[in-house]
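Understanding the architecture of this molecule
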Amino acid sequence: MRDKFVNQMRFWGMLCHLSAIAAWMLVIYLLFIGVPLYLPLNILAPLMIWRYKKAKYPWIDFQGKESLNFQISLTLYTLAFIIISLLILVIAFALSIIDNNIFSQVSIIFNGLLFGSLILILAELSFQLFVVNFAALKAYKGEHYRYPFTIRLLR
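A few points on the structure.

Conventions we followed
- Residues numbered from 1 in each chain as written.
- Predicted model: local features only at pLDDT ≥ 70, side-chain atom pairs only at ≥ 80, totals over all residues.
- Heavy atoms only, no water.
- Helix = DSSP H or I, 4+ residues; strand = E, 2+ residues; numbered from the N terminus.
- Rg over C-alpha atoms; globule rule 2.2 N^0.38 Å.
- Contact = heavy atoms within 4.5 Å.
- Areas by Shrake-Rupley, 256 points an atom, 1.4 Å probe, with all protein chains shown as cover.
- Lys, Arg positive; Asp, Glu negative; His and termini not counted.
- Charge placed at Lys NZ, Arg CZ, Asp CG, Glu CD.
- Salt bridge = Lys/Arg side-chain N within 4 Å of Asp/Glu carboxyl O.
- Buried < 20%, exposed > 50% of the residue type's maximum accessible area, 1.4 Å probe, protein only.
- Expected span 1.5 Å × (residues − 1).
- Bend = angle between axes of the 7 residues up to and from the residue.
- Polar contact = N/O pair within 3.5 Å; in protein donor to acceptor, adjacent residues only side chain to side chain.

A few words on the overall build of the chain. The secondary structure content of the chain amounts to four helices and zero strands. Beginning at the N terminus, the succession of helices and strands in the chain can be written as α-α-α-α. Here the chain has a C-alpha radius of gyration of 20 Å; the compact-globule value for 155 residues is 15 Å, and the former is much larger. For the chain, the C-alpha atoms occupy an extent of roughly 75 × 30 × 25 Å along the three principal directions. Within the chain, contacts between residues at least 6 apart in sequence are counted, and of these 72% link residues at least 24 apart. Total accessible area on the chain stands at roughly 10000 Å², and carbon and sulfur atoms take up 74% of it. With 13 positive and 6 negative side-chain charges, the chain shows a spacing of 13 Å between the two charge centroids.

Structurally, Glu66 can be placed in helix α3 (residues 58-98). Sequence-wise, Glu66 and Arg152 are 86 residues apart; in three dimensions their C-alpha atoms are separated by 8.0 Å. Once residues within four sequence positions are removed from consideration, Glu66 is found in contact with Tyr145, Arg146, Tyr147 and Arg152.

In this section: the pattern of salt bridges. Applying the stated criterion to the full structure yields four salt bridges. Of the charged contacts, one joins Glu66 and Arg146 as a salt bridge, the two residues approaching to 2.7 Å between their closest N and O atoms. Here Arg146 lies in the segment after α4 (103-141) and Glu66 lies in helix α3, a separation of 80 residues in the sequence. Take Glu66: its relative accessible area is 1%, and that puts it in the buried class. Residue Arg146 is classed as partly exposed on the basis of its relative accessible area, which comes to 49%.

With 31 residues, helix α1 (residues 2-32) extends 45 Å from end C-alpha to end C-alpha; this agrees with the ideal 45 Å at 1.5 Å per step. Bending of α1 peaks at approximately 35° at the position of His17. Phi for Gly34, located one or two positions after α1, is positive at around 100°.

Within the secondary structure, Asn69 is located in helix α3. Within polar-contact distance, the side chain of Asn69 engages the backbone nitrogen of Leu154 at 2.8 Å. Discounting chain neighbours no more than four positions away, the residues touching Asn69 are Thr150, Ile151, Arg152, Leu153 and Leu154.

Before going further, it helps to spend a moment on unusual backbone geometry. Even without a glycine there, the phi angle at Phe149 is positive, about 60°. Among the structural elements, Phe149 can be located in the segment after α4.

Okay, structure coming up:
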């Protein structure tokens, strides 16, 4: 009976981490089929598991908080990159209005930002896939794991 409890606890701990990857795949699928809808599913999926299972399993409380902190951090980093990119584009566009000769440079800046965004998104997804799978494996083994580059909002 004790082994069944431990296995369930570890399974749900693992699911806290893997649910974020499943949510990202759903968001990517929605974008691929043309639905320009971004919902923070990578935060909602672990949040639901954590909220419903943390009282029953103390292990879920730790795993859920860790997963949520990492997903929130990734979302904040992505939003910061988007805001900085938009500011660069607005400044470049404003300069092109002032001086018509700069318009070709705005195009170069825009293309550079698109390429940089693509590289950043691929790097972020690859990093997340690796780290989340590693954390899920550690959770299933019953080991503590702390995500790197994480803002600890939930303690």
